[in-house]
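The chain contents come next:
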Amino acid sequence: AQSVTQLDSQVPVFEEAPVELRCNYSSSVSVYLFWYVQYPNQGLQLLLKYLSGSTLVKGINGFEAEFNKSQTSFHLRKPSVHISDTAEYFCAVRAYSSASKIIFGSGTRLSIRP
Amino acid sequence: DTGVSQNPRHKITKRGQNVTFRCDPISEHNRLYWYRQTLGQGPEFLTYFQNEAQLEKSRLLSDRFSAERPKGSFSTLEIQRTEQGDSAMYLCASSLNENNEQFFGPGTRLTVL
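These remarks concern the structure in this document. (Residues numbered from 1 in each chain as written. Chains lettered and ligands numbered in written order. Predicted model: local features only at pLDDT ≥ 70, side-chain atom pairs only at ≥ 80, totals over all residues. Heavy atoms only, no water.)

To continue, consider the overall build of chain B. Regarding its fold elements, chain B presents zero helices and 11 strands. Element order for chain B, N to C, with α for helix and β for strand: β-β-β-β-β-β-β-β-β-β-β. Against the compact-globule benchmark of 13 Å for 113 residues, chain B has a radius of gyration of 13 Å, which places it among compact chains. Along the three orthogonal principal directions, the C-alpha set of chain B runs to about 35 × 25 × 25 Å. Out of the 113 residues in chain B, the part that is buried amounts to 45%. Put simply, 53% of the contacts in chain B that link residues at least 6 apart link residues at least 24 apart. Entry remark: accessible area of chain B is about 5,900 Å², with carbon and sulfur atoms responsible for 43%. (Helix = DSSP H or I, 4+ residues; strand = E, 2+ residues; numbered from the N terminus. Rg over C-alpha atoms; globule rule 2.2 N^0.38 Å. Buried < 20%, exposed > 50% of the residue type's maximum accessible area, 1.4 Å probe, protein only. Contact = heavy atoms within 4.5 Å. Areas by Shrake-Rupley, 256 points an atom, 1.4 Å probe, with all protein chains shown as cover.)

The next point concerns the nonpolar core. In a soluble, globular protein the nonpolar side chains are often hidden away together inside. In this structure, Trp35, Leu48, Phe74, Leu76 and Tyr89 of chain A are the most contacted members of the largest nonpolar core, which totals 28 residues. Put simply, the parts of the chain that give this core at least two residues each are β2 (10-14), β3 (19-21), β5 (31-38), β6 (44-50), β8 (64-68), β9 (73-78), β10 (87-95) and β12 (108-113) of chain A. Listed in part, the 19 residues of the second largest apolar core include Phe21, Leu32, Phe49 and Leu77 of chain B. (Core = buried A, V, L, I, M, F, W, Y, C linked by side-chain atoms within 4.5 Å.)

Counted by the stated rule, this structure contains 15 aromatic pairs over all chains. With a centroid separation of 5.4 Å and an interplanar angle of 45 degrees, the aromatic rings of Tyr35 of chain B and Phe104 of chain B are classed as tilted. Note that Tyr35 of chain B is positioned in strand β4 (residues 31-37) and Phe104 of chain B in strand β10 (residues 103-104), a separation of 69 residues in sequence. Looking at Phe104 of chain B, the relative accessible area reads 9%, which means it is buried. Against the face of Phe14 of chain A rests Arg113 of chain A, its NZ or CZ located 5.8 Å from the ring centre. The ring of Phe74 of chain B carries the charged tip of Arg22 of chain B above its face, separated from the ring centre by 3.9 Å. (Phe/Tyr/Trp six-rings, centres within 6.5 Å; stacked < 30°, edge-to-face > 60°. Lys NZ or Arg CZ within 6 Å of the ring centre and 35° of its normal.)

So, on to the interface of chain A and chain B. Listed as interface residues are 16 residues of chain A and, on the opposing side, 20 residues of chain B. For the pairing of chain A and chain B, the buried interface totals around 1,500 Å² over both sides, and the portion due to carbon and sulfur atoms is 50%. Remark: the boundary between chain A and chain B carries one salt bridge. Taking the shortest distance from any N to any O, the salt bridge between Lys101 of chain A and Glu56 of chain B comes out at 3.4 Å. For the pair chain A and chain B, the number of links is three residue pairs in polar contact (both at pLDDT 80 or more). Mapped onto the side of chain A that touches chain B, the elements with two or more residues apiece are β5, β6 and β10 of chain A. Residue composition of the side of chain A that touches chain B, grouped by class: seven nonpolar, seven polar and two charged. (Buried area = accessible area lost by both parts, 1.4 Å probe. Salt bridge = Lys/Arg side-chain N within 4 Å of Asp/Glu carboxyl O. Polar contact = N/O pair within 3.5 Å; in protein donor to acceptor, adjacent residues only side chain to side chain. Nonpolar A, V, L, I, M, F, W, Y, C, P; charged D, E, K, R; others polar.)

This is the structure we're talking about:
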């Protein structure tokens, strides 16, 4: 079984400041890793994913994440945030062997202050 | 708009009533997924279809829940004898195949009074 822990339920930051959203996962099997963003009243949108290869993954909107196998972490970062980044961010995993099920964390609400 | 669509966007019902939601996936996506998202939580997997076949169901999907995808295109999720605990956002997603990205719809928000 897999589980995902997002350590911060809310992260307030000032505009143009850097941000890191933390994610740790637990799994007895190899997994793919994802970050999704959910803007108010919209569906989930894939930000980035780690399947294999380079542990530093770049996604849309200037976000990037680094896979750390030894620490079972997949933290999301952005060097300079904008008001438009205000949203809920979900870390998620899917087992290699699973054809379907994505396991999501409980989410981190990113609020940007001007 | 060629994304995943869901109807209705909002549904308010009284406890004990039956409700049905519809999901229209992206055209030619053969996989369709249902998730439930309660307040303050991430989405939880409910079930998925490959074409018209329902291949996996979560233990969250009680006997009061049933999902169909009769022609391998749109899908419906029915909840019978709704309970207040069923209040949640119900999300639908589709993908081209198992290794492709799941694209999510905007969800149907259910409120059971």
